[in-house]
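Residue-level listing of the chains:
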Amino acid sequence: MHDFNVSSPWAIQPEYLMRLCEVADAHARTATGAPQSLAARGGLSDSPMVYVTDGVAVIDLVGPLTKGYSWVTAMFGGTSMVGAGALIDQAVSDPSVKGILLNIDSPGGSVDGTEGLVMAIRRAGEQKPVVSLASGTMASAAYWAGSAAGAVYLDSGTTIVGSIGVVSRHVDISGLESRIGIKTTEITAGKFKRIASMHEPLSAEGRGSIQAQLDHIYSIFVHAVADHRRAPVQTVLDRMADGRVFIGQQAVDAGLVDGFSSRGELIARLRTGGMQATKPQPTRKVFMSDREIRQ
C-alpha cells in the first residue's frame, strides 16, 4: 500500500480534501491504528474497474484519485492512477478492443500521479479512439486526466465539471506541543529544507515557498488543459481555470466539454468507428510564466 500525505499538493475539490484530512486526523488520534492499517484490514482490491463490451474497454476513474493504492483508495472507493494507466495500456495492446471509454465520477486527487495517467491516455489516443464520459463529477485532477481524451462528454445536465486549481495545507502543531510540554528542534542544512515546518507557525518565507510550488503546478495544469482543448492559455484562464465548478450546459458553453451523451451511445460510436484516434496536434498555446498565470 502506497504512502499518503494530505499536506502534499492536491488537485481536488477543497471540501473533499477537508474530508480526507478530517478522517486522517481522526484516525491519528485514536488507538485503532493508522488509516492505512484500517484500509488494509478491509481487504479491498487495488485494481480499478474495467470491462469490455462490444469491443470497447470501459475503465472507471471514480472517487479520489491517488498515484497508487492507498488508504484513500480503500476507504473512499477511489482509483489508483498507476493501475488505471496500466489498464489503458492493456486495452491499447488488445487487438479485440476498438476503443476506450473513460467513465469518470471523481472530485480529483493527488497531483502526484496525474501526469502519468494523462500520458497514458494521450498515448492510447494516438492508437485508438479514447473518449471521456463524466457522470456526476469530473473535477480538478479528474478533469486534468479526462480532458486528455479525444472528446469529453457529460451524461446529464447536472454533472459537475471544473475546479481547475491546486490546493495544499500547512499544519502548525507548535501550540499543541507547547501545551503538553514538548519542544521540537529541527536541525537542517539548506535554506529551504524545513522552511514550512509543522513545528512552528508558518512564516512569510514558508508561505511564499508553498505558494510558488502551487503556482508552478497550476501553470502546468492550465497549459495541459489548453493543449487538450486546443485553446489559447488566456482563454482557459478567462473562461475555465479560476477554480470554480461548472454544471451541465455551463461546462459546454465554457469549452470544457464537447456536449452530452450516454454511455450506450458512446460505446456504439466507438464500436462502429464513429470516432477516430487522435492524431498529435501541433502545439498552439502561448506559454506564460507562473506569475503571469496567477495574475
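Above this text you will find the structure in question.
The notes below deal with the structure included here. (Residues numbered from 1 in each chain as written. Predicted model: local features only at pLDDT ≥ 70, side-chain atom pairs only at ≥ 80, totals over all residues. Heavy atoms only, no water.)

## Considerations on the packing of aromatic side chains
Next, step 1: Counting across every chain of the model gives two aromatic pairs.
Next, step 2: In this arrangement the basic side chain of R19 is found over the ring face of Y16, its NZ or CZ atom lying 4.7 Å from the centre. (Phe/Tyr/Trp six-rings, centres within 6.5 Å; stacked < 30°, edge-to-face > 60°. Lys NZ or Arg CZ within 6 Å of the ring centre and 35° of its normal.)

## Re helix α4 (residues 81-93)
Next, step 1: An ideal rise of 1.5 Å per residue puts 18 Å on 13 residues; α4 measures up with 19 Å between its terminal C-alpha atoms.
Next, step 2: Inspection of α4 places M81, G83, A84, G85, L87, I88 and A91 among the buried residues, and these make up the whole buried set. (Helix = DSSP H or I, 4+ residues; strand = E, 2+ residues; numbered from the N terminus. Expected span 1.5 Å × (residues − 1). Buried < 20%, exposed > 50% of the residue type's maximum accessible area, 1.4 Å probe, protein only.)

## Digging into the pattern of salt bridges
Next, step 1: Taken as a whole and judged by the stated rule, the model has six salt bridges.
Next, step 2: Ionic pairing is found between R122 and D227, a salt bridge with its closest N-O pair at 3.4 Å. Here R122, found in helix α5 (residues 114-125), pairs with D227, found in helix α8 (residues 204-228); they are 105 residues apart in sequence, far enough to count as distant.
Next, step 3: Using a relative accessible area of 32% as the deciding quantity, one classes R122 as partly exposed. (Salt bridge = Lys/Arg side-chain N within 4 Å of Asp/Glu carboxyl O.)

## Thoughts on the side chain of T114
Next, step 1: Tracing the backbone shows T114 in helix α5.
Next, step 2: At 2.8 Å, the side chain of T114 forms a polar contact with the backbone oxygen of S110. (Polar contact = N/O pair within 3.5 Å; in protein donor to acceptor, adjacent residues only side chain to side chain.)

## Describing the pairing of strand β3 (residues 56-62)
Next, step 1: In terms of burial, β3 is a largely internal element, six of the seven residues being buried.
Next, step 2: Sheet topology places strand β2 (residues 50-53) next to β3; four bridges connect them, and they run antiparallel. Directly across from V52, in β3, lies its bridge partner A57.
Next, step 3: A loop of two residues connects β2 with β3, the two strands running antiparallel in sequence, and D54 in this loop sits at a positive phi of about 55 degrees. (Pairing = 2+ DSSP bridges.)

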